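# Commentary on secondary and tertiary structure
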Amino acid sequence: MKARFSLPLLVLVFAFSFGALAQDTNPQLGPGQGSGSGQRGGRAGFGGGMMGRGVMGTVTEVAPDHFTIKTDAGELYTVHYSVNTRIMAGGGGQRRGQGNENQPPANPPQTIKASDIKVGDAIGASGEIDANAKSVGAVVVFKIDPERAKQMREMQANYGKAWIMGKVTAINDARVTLQGGPNNTTHTFLADENTTFRKRRDPITLGDIQIGDMVRAEGAVKNGAFLATAVAVMGAPPQHSDSPAPPPQ
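What you see is a predicted model, and the numbers here were worked out from it, not measured in a lab.

A count of helical and extended segments in the protein gives 2 helices and 16 strands. Per-residue burial for the protein yields a buried fraction of 48% across its 249 residues. Summarising the internal contacts of the protein: among those between residues at least 6 apart in sequence, 62% fall at separations of at least 24.

Okay, structure coming up:
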C-alpha cells in the first residue's frame with residue numbers, strides 16, 4: 001500500500017469524525033453506563049484494538065441493546081447502543097489529487113440498522129469508554145468492511161515503524177516531537193535534506209511547522225531514531241457534520 005498517507009488517514013477518520021460526533025451527540029446510555037468504579041477512559045484511543053477515540057473489534061454477540069466485540073488484543077468489550085446511536089456503513093473513496101487527504105470522502109456513508117451488523121463483522125465504536133468494565137456507551141458505530149479492517153490492523157502494526165502522527169509539542173533543530181496517535185503516546189522524528197514537507201497542496205519547509213500543528217510523517221527507524229521521508233501538516237479536525245466520514249478506500 002504505497003498511497004501516500006492513506007493509512008494514517010484511517011486513524012484520523014475514526015479519531016476526528018467519531019470525536020466530533022461524540023462532542024455533539026449525547027446518547028441515552030444503557031443501565032449502568034456512565035457510572036461505577038471502573039476507570040473512565042472517556043474517548044480512549046484504539047491501542048491493541050483501540051484506535052483514536054473508540055474501540056474496534058470483531059462482533060462475537062449481537063443483542064437488542066448491545067454488541068460484544070473481541071479486539072485484536074483478545075479483550076471483550078460490550079458496545080451499548082440506543083436509538084440515539086448513529087450506526088453507519090459504506091461510503092469512502094478518497095478524492096483524487098494531491099492535497100485532498102483532509103477532504104471529505106467522495107461518497108458519503110449510509111445509515112444502517114443495528115440488525116445489519118452480524119456476528120463476525122468488524123466494527124468501530126466511539127463514545128464513553130469504561131476501560132475497567134470493558135464497556136462503551138456508543139455515540140457512533142461504524143461497520144467496517146473486511147479489507148478496510150485489515151488495512152487498519154496493518155496500519156496499527158506499523159505505527160512508530162513506518163509512520164507517526166500527532167500534535168507538535170516541541171521543535172529542536174531538525175528534531176520534532178509529536179503527541180498523539182494510537183494510545184496518545186509521544187514520538188519524535190528527525191528530518192534531513194531529503195525530507196519533504198507539505199501543507200495541504202503546498203510545499204513547505206521545516207521552519208513553517210509550528211507548535212500545536214497536527215502532523216503526520218512517513219519514514220523508517222534508523223539507528224534508533226525515526227527518520228522522516230515525508231511530512232504533512234494536516235488541517236484542523238473537522239467540525240460536526242450530518243454524517244461521519246468512513247475510512248477511504
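Having seen the model, we can carry on.
Before going further, it helps to examine the nonpolar core. Counting 25 residues, the largest nonpolar core has F189, I209, V215 and V231 as the members making the most contacts within it. When neighbours within four sequence positions are excluded, V215 is seen to be in contact with I164, M165, G166, V168, L178, F189, I209, V231, A232, V233 and M234. Judged by nonpolar contacts, the second largest core, of 18 residues, contains I69, I87, A114 and V141.

What follows deals with the environment of P64. With respect to the element layout, P64 can be found in the loop between strand 3 (54-62) and strand 4 (66-70). Along the backbone, P64 and S82 are 18 residues apart, and their C-alpha atoms lie at a distance of 9.2 Å.

By the definition in use, this model includes 2 aromatic pairs. Centre to centre, the rings of F67 and Y81 are 4.8 Å apart; their planes meet at 25°, and the pair counts as stacked. Placement of F67 in strand 4 and of Y81 in the loop between strand 5 (76-80) and strand 6 (86-89) is noted, with a sequence separation of 14 residues between them. A relative accessible area of 0% places F67 in the buried class. For Y81, a relative accessible area of 14% gives the class buried. Consider the rings of Y159 and W163, whose centres lie 4.6 Å apart with planes at 75°: the pair is edge-to-face. W163 carries the same exposure label as Y159, and that label is buried.

Here the focus is the pattern of salt bridges. Evaluation of the coordinates by the stated rule reveals 3 salt bridges. Between D121 and K143 there is a salt bridge, and its shortest N-O distance comes to 3.6 Å. One end of the pair, D121, is in the loop between strand 7 (110-111) and strand 8 (122-130); the other, K143, is in strand 9 (residues 135-144), and 22 residues separate them in sequence. In this structure D121 comes out as buried when scored by relative accessible area, which is 18%. You can call K143 partly exposed: its relative accessible area is 26%.

The rules behind these values
Residues numbered from 1 in each chain as written. Predicted model: local features only at pLDDT ≥ 70, side-chain atom pairs only at ≥ 80, totals over all residues. Heavy atoms only, no water. Helix = DSSP H or I, 4+ residues; strand = E, 2+ residues; numbered from the N terminus. Buried < 20%, exposed > 50% of the residue type's maximum accessible area, 1.4 Å probe, protein only. Contact = heavy atoms within 4.5 Å. Core = buried A, V, L, I, M, F, W, Y, C linked by side-chain atoms within 4.5 Å. Phe/Tyr/Trp six-rings, centres within 6.5 Å; stacked < 30°, edge-to-face > 60°. Salt bridge = Lys/Arg side-chain N within 4 Å of Asp/Glu carboxyl O.

Just geometry here; none of it tells us what the structure is for.
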